[in-house]
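Breakdown of the fold
Each chain, written out:
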Amino acid sequence: MNILVSGGAGYVGSHAARWLARAGHDVWIYDNLSQGHRGAAPPDRLIVAELEDRETLVRTMTEKRIDAVMHFAANALVGESVENPSKYYNNNIGGSIALLDAMRSAGVWRIVFSSTTATYGEPEQVPITEQEPQKPINPYGFTKLVIERALEDYARAYGFGYAALRYFNAAGASPDGDLGEDHTPESHLIPLVLQVALGQREAISIFGEDWPTPDGTCIRDYVHVDDLADAHLKALELLRPGEGLKLNLGTGRGYSVREVIDACRRASGHAIPAKSAPRRPGDPAELIADSSLAKQVLGWTPKYTDIDAIVETAWRWHKSHPRGYNDA
Ligand code: UDP
């Protein structure tokens, strides 16, 4: 298929774009580089433009004879979404709707959408199944939920076929060390801990040690980016007009903040000082996926189930790119 990957120069998008290309698809990356990196996309496949630029979108989809869209482009920081909701409503909702309408104009009906566990908010039951009520507790999660609902409506009214893939904590890097996680400013746990190992930060702050978990720190389900990429490829093959898939993507195994820091110590061989800090507003204590549905429907099995294996790939990337894509 000819596939347009919005946000394909970003963290998960770049891994997915490469995964699709390796599976034989013809991939075009559409990114405004506000957060994505030129170095994360093959130069002859990169289109630098805005999602709101409907004319460029429609022209690109028509000229490249696009069959399917993978939509990663979004702002994705919980804290920032609370401080600056306008950015999230405009980019995540406005940008996505512009993309969906451009697809209609160009006659493209297949879409795989990057959704999130943040659409569930504070879960009533862990592990979280797709039946968990979606009650987001921050603007980021809400904007993603709105697009899931828009996809339902566009499927019913216009025959879109979609998959909304709800990721848990995307982590790791391509094992060859070419692609990895590079956010400015960085706010995610694993890259921050590895920056301490590189001597770029003094210590890692642990946001709360009084959570109702075995070691008092928050538990998350870290899923490798290449496993996410693989799920996108598998979902693409199952899209049917007028139908939607909503699937959780995680490993089903949770690790605490302390366990992640220990894994980073093992991978890097550095002591990695840690210090106690207050809880971060909006953080649920524990998020673990029940991904049985994704396994059953997609025939997907995450290859990386162990935090050490995930962190090892992240460390390889950070060690070889201490300044991220500026080193590429
Ligand atoms: N975390 C932390 N210190 C940091 C950054 C994150 O203790 O400097 C914790 C955070 O509270 C959460 C977990 O690490 O429990 C994962 O956070 P991250 O921002 O990586 O992902 P999120 O779960 O917010 O999507």
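Below is a summary of the structure that appears in this document. (Residues numbered from 1 in each chain as written. Predicted model: local features only at pLDDT ≥ 70, side-chain atom pairs only at ≥ 80, totals over all residues. Heavy atoms only, no water.)

Here's the deal with the overall build of the protein
Looking only at helices and strands, one finds 10 helices and 13 strands in the protein. Against the 2.2 N^0.38 benchmark of 20 Å for 328 residues, the protein shows a C-alpha radius of gyration of 19 Å, consistent with a compact globule. Each principal axis of the C-alpha distribution contributes one length, and for the protein these read about 55 × 45 × 40 Å. The buried share among the 328 residues of the protein stands at 55%. Put simply, of all contacts in the protein between residues at least 6 apart along the chain, 77% involve residues at least 24 apart. Entry remark: accessible area of the protein is about 13700 Å², with carbon and sulfur atoms responsible for 48%. When the 33 positive and 43 negative side-chain charges of the protein are each reduced to one mean point, those points stand 2 Å apart. (Helix = DSSP H or I, 4+ residues; strand = E, 2+ residues; numbered from the N terminus. Rg over C-alpha atoms; globule rule 2.2 N^0.38 Å. Buried < 20%, exposed > 50% of the residue type's maximum accessible area, 1.4 Å probe, protein only. Contact = heavy atoms within 4.5 Å. Areas by Shrake-Rupley, 256 points an atom, 1.4 Å probe, with all protein chains shown as cover. Lys, Arg positive; Asp, Glu negative; His and termini not counted. Charge placed at Lys NZ, Arg CZ, Asp CG, Glu CD.)

Section: a nonpolar patch on the surface
A cluster of nonpolar side chains, namely L238, L293 and V297, defines an oily patch on the protein surface of about 180 Å² accessible area. Here L293 shows up in helix α9 (residues 292-298). By relative accessible area, which is 31% here, L293 ends up partly exposed. (Patch = residues over 30% accessible without salt bridge, like charges linked within 9 Å, V, L, I, M, F, W, Y side chains within 5 Å. Salt bridge = Lys/Arg side-chain N within 4 Å of Asp/Glu carboxyl O.)

Some details on the environment of C264
The residue C264 is located in helix α8 (residues 257-268) in this model. Look at C264 and you get buried, because its relative accessible area is 0%. Placed 70 residues apart in sequence, C264 and L194 show a C-alpha to C-alpha distance of 6.6 Å. Excluding residues that lie within four positions of it along the chain, C264 makes contacts with I190, V193, L194, G269, I272 and V311.

Describing helix α10 (residues 307-320)
Helix length check: α10 (14 residues) gives 20 Å between terminal C-alpha atoms against 20 Å at 1.5 Å per residue, within 8%. All of the buried residues in α10 are I307, I310, V311, T313, A314, W315, W317 and H318. Packing partners of the buried residues in α10 comprise β7 (169-171), α6 (189-197), β10 (222-224), β12 (255-256) and α8. Between the side-chain oxygen of the N-cap and the backbone nitrogen of D308 there are 3.0 Å, and the N-cap of α10 in question is D306. (Expected span 1.5 Å × (residues − 1). Polar contact = N/O pair within 3.5 Å; in protein donor to acceptor, adjacent residues only side chain to side chain.)

A word on the sheet that holds strand β3 (residues 46-48)
Read across the open sheet, the 7 strands follow the order β3-β2-β1-β4-β5-β6-β11; overall the sheet is parallel. Looking at which strands have only one partner, the edges of the open sheet turn out to be β3 and β11 (244-249). Sheet twist, expressed as the average angle between the axes of neighbouring strands with direction ignored, equals 20°. The sheet contact formed by strand β6 (residues 161-167) and β11 spans 6 bridges and is parallel. Note that in β11 the partner of A164 across the bridge is K246. Running over the sheet, helix α4 (residues 85-106) touches β1 (2-6), β4 (68-71) and β5 (110-116) and is turned about 175° from β4. In the packing of helix α5 (residues 139-158) onto the sheet, the strands contacted are β5, β6 and β11, and the crossing angle to β5 comes to about 155°. (Pairing = 2+ DSSP bridges. Axes fitted to C-alpha atoms, helices over the stretch in contact; angles between N-to-C directions.)

Describing the site of the ligand
As a matter of local geometry, the ligand sits amid 15 residues, with L189, S205, R220, R280 and D283 nearest to it. Between R280 and the ligand, the recorded distance is 2.7 Å, taken from a side-chain N or O atom to an oxygen atom. When isolated, the ligand has an accessible area of 520 Å², and the protein chains bury 88% of it. Elements supplying a minimum of two residues to the shell around the ligand: α6 and β8 (204-207). Among the elements that take part in the shell around the ligand, β8 stands out by supplying 4 residues, more than any other. Of the residues contributing to the shell around the ligand, the split by class is 8 nonpolar, 4 polar and 3 charged. (Near = heavy atom within 4 Å. Nonpolar A, V, L, I, M, F, W, Y, C, P; charged D, E, K, R; others polar.)

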